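Take a look at the letters that make up each chain.
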Amino acid sequence: MRASTRTSLALLAVPTALVGVAACGARPSAGAATPTPSTATAERATPSFPSGWRFKTGEVATEGAQAMVVSNSRQASEAGVEILRAGGNAVDAAVAVGFALAVTWPEAGNIGGGGFMLMRMANGQTAAVDYREMGPGAASRDMYLDGNGQRTNKSTLGHLASGVPGAVAGMAQALRERGTMSLAQVMAPAIRLARDGFVVDSALAQSIAGTRCNFLKTGGEAVFCPGGTPMAAGARLVQADLGRTLQAIADMGPDAFYRGWIADSLVAEMARGGGIITKADLAAYRAEGRTVIRSAYRGHTLLTMPPVSSGGATITLTANILAADGAAPAFGTAAWTHLLGSAYQRAFAERNVSLGDPAFVKVPLEKFTSPDAGARWRRGIDMARATPTSALETRTMNDGDNTTHYSVVDAMGNAVSTTTTLNGSWGAKVWVRGAGFMLNNEMDDFATAPGKPNMFGLVEGEQNAVQPRKRMLSSMSPSIVLDPAGRLLLVVGAAGGPTIITGTSQVIFNVIDHRMSLADAMRAPRIHHQALPDSLTYEDGGLSAEQLSALTGMGHRLRRTSALVNVNAIMRGPRGGWQGVSEPRRPLTNGAVGY
Ligand code: GLY
């Protein structure tokens, strides 16, 4: 396997700007009194799950002696492994997985959307690429309000809902700067899957059925619902137009998408449906190299995604709140659930008012990365009482919930953590005719009605108001964790709108605080709190009767849901090698493939 010979200043940038404020590297965070010898080789503890919980402890992970790829699509993970076995590194494989997901997981994997890729190379260098969508040049603050100032559904459905896609530019940039192979090489598996087709599995069949074949009558229904019937599991899905599109990108690079005939097709689709993305918008799109947020958590190092994703900042503030006052209470106790929920509530309260696109608004990142800020929030948590969110002076947020995360580790120890999305499932339900792909409805991740409740009764702030060529705030949280010896320990991220932040970080806390194996950490019951609505959400059967009673007694408004978050993770194995676990709550796909 060849090491990358190409470098980029943007990607290599050491995050000196954060060194003074974040607890960087292996420096213990303030107040982290707990001695934590937690490494992959340290003994793992078996948690106790409530008797009514759907999963048991002690399940096994997929093992890979050398390398591992975990995604929501087995075919896409296999595409990554194919590239690794052909000598590619983790970045080559990640880009191969990204393009393959656009074919095999079209509800969320995409070339018509955007995402974030976080990399940690075996030599310790870190890099991040932000390829979030951008508001079109003609976008305006109130474009989604009707004449009475009320929100319409145009930010979620139809051509106006789409931001300028970033996925092709971002993946190409990551490959150019950190990969070792050509676009044509890493895209070959995706092109093959599109042209020759692949067998639809039950998960994709369910997802297609869920669309009710509603692709705004722009051609997508002919591919996924031939004759008006949703494709069933076992059928062969061939996407000839998408195959041509991918081949053009492989041959000509991102310009084929942003300036060539694919751009023409996209703009023609906009014209048909009253959308506003122009060729000038597409030509102006740039992926951005970002400086990874490094923070310390109980002797471990967290590497997380900075704005315009809110994911890394919010996870870092949550960790700083938890670490500010000694050891974590035991897993499965009301004290842990209360503390964790209260920490999330405060971190989201800060997130919802403070974060936006740093190219447009001042982003006070130190409010998230400073251990002192975490300690201040921690002092406000009463371990006997829930705090009403209204007492925290917050606003809130609105995110979609159809996204997909994949994690890759190669035999050299390079690691890539990527989350990508169309926002809602199947995005704006708009298909680019002739080019064969879905467009995102990411404009809804802006505060489309700042200061007013959105369709979920939530309120967002001006930091994230719609502006031309601005990027909308995200919750995507591709993350990497190093053990106290500085070795790669965990590559993790999730899909699920705001629950991405809480789901990703709970796997991290389960591994570090509760010393769980990856299989247990992924199966442990999850909770979610996002400040507003002011409720603590838990998974059905995930809290014991004693916990429910204690939490209610503390004043928490509890909300039960069937399942929270779709996480895909890789962890260093206890005896070397890598363990992969794809989301156990989605049992129709085992997307973990190692060797
Ligand atoms: N569209 C979901 C997110 O970016 O958070």
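What this report covers is the structure whose coordinates are included nearby. (Residues numbered from 1 in each chain as written. Predicted model: local features only at pLDDT ≥ 70, side-chain atom pairs only at ≥ 80, totals over all residues. Heavy atoms only, no water.)

### What to know about the site of the ligand
Right, on to step 1. Taken together, nine residues are adjacent to the ligand, and Asn423, Glu442, Asp445, Ser474 and Ser475 come closest.
Right, on to step 2. The separation between a nitrogen atom of the ligand and a polar side-chain atom of Asn423 is 2.8 Å.
Right, on to step 3. Separating a nitrogen atom of the ligand from a side-chain N or O atom of Asp445 is a distance of 2.6 Å.
Right, on to step 4. Its free accessible area being 190 Å², the ligand has 100% of it covered by the protein chains.
Right, on to step 5. Grouping the constituent residues of the shell around the ligand by class yields one nonpolar, four polar and four charged. (Near = heavy atom within 4 Å. Polar contact = N/O pair within 3.5 Å; in protein donor to acceptor, adjacent residues only side chain to side chain. Areas by Shrake-Rupley, 256 points an atom, 1.4 Å probe, with all protein chains shown as cover. Nonpolar A, V, L, I, M, F, W, Y, C, P; charged D, E, K, R; others polar.)

### Some remarks on helix H16 (residues 371-379)
Right, on to step 1. For H16, every residue scored as buried is listed here: Pro371, Ala373, Gly374, Ala375, Trp377 and Arg378.
Right, on to step 2. The inward-facing, buried residues of H16 abut helix H13 (311-323), helix H14 (334-354) and helix H15 (366-369).
Right, on to step 3. For H16, the capping residue at the N-terminal end is Ser370, with a side-chain oxygen 3.1 Å from the backbone nitrogen of Asp372. (Buried < 20%, exposed > 50% of the residue type's maximum accessible area, 1.4 Å probe, protein only. Helix = DSSP H or I, 4+ residues; strand = E, 2+ residues; numbered from the N terminus. Contact = heavy atoms within 4.5 Å.)

### Looking at the pairing of strand S10 (residues 402-409)
Right, on to step 1. Most of S10 is tucked away, with eight of its eight residues classed as buried.
Right, on to step 2. Burial along S10 is two-sided: the face carrying Asn402, Thr404, Tyr406 and Val408 and the face carrying Thr403, His405, Ser407 and Val409 are both buried.
Right, on to step 3. Across three bridges, the pairing between strand S2 (residues 68-70) and S10 is antiparallel. Bridging from a neighbouring strand, Val69 pairs with Val408 of S10.
Right, on to step 4. Pairing between S10 and strand S11 (residues 415-423): eight bridges, direction antiparallel. Pairing of Thr403 across the sheet is with Thr421, part of S11.
Right, on to step 5. Taking the residues that link successive antiparallel strands as the turn, the S10-S11 hairpin has five residues, and the phi of Gly413 there is positive, at about 95°. (Pairing = 2+ DSSP bridges.)

### Topic: the environment of Ala415
Right, on to step 1. By the element assignment, Ala415 lies in strand S11.
Right, on to step 2. Residue classification places Ala415 among the buried residues on the basis of a relative accessible area of 0%.
Right, on to step 3. The sequence separation of Ala415 and Ile480 amounts to 65 residues, and the corresponding C-alpha distance is 7.9 Å.
Right, on to step 4. Residue contacts for Ala415: discarding those within four places in its chain leaves Ala90, Leu118, Met119, Arg120, Val408, Val409, Ile480, Leu488 and Val491.

### Section: the environment of Thr62
Right, on to step 1. Within the secondary structure, Thr62 is located in strand S1 (residues 62-64).
Right, on to step 2. Accessibility expressed as a relative area gives 22% for Thr62, which makes it partly exposed.
Right, on to step 3. Expressed as a C-alpha distance, the spacing of Thr62 and Val593, which sit 531 residues apart in the sequence, is 7.1 Å.
Right, on to step 4. Those residues in contact with Thr62 that sit more than four places away from it in its chain are Met68, Trp578, Gln579, Gly580, Asn590, Ala592 and Gly594.

Nothing here speaks to function; it is geometry throughout.
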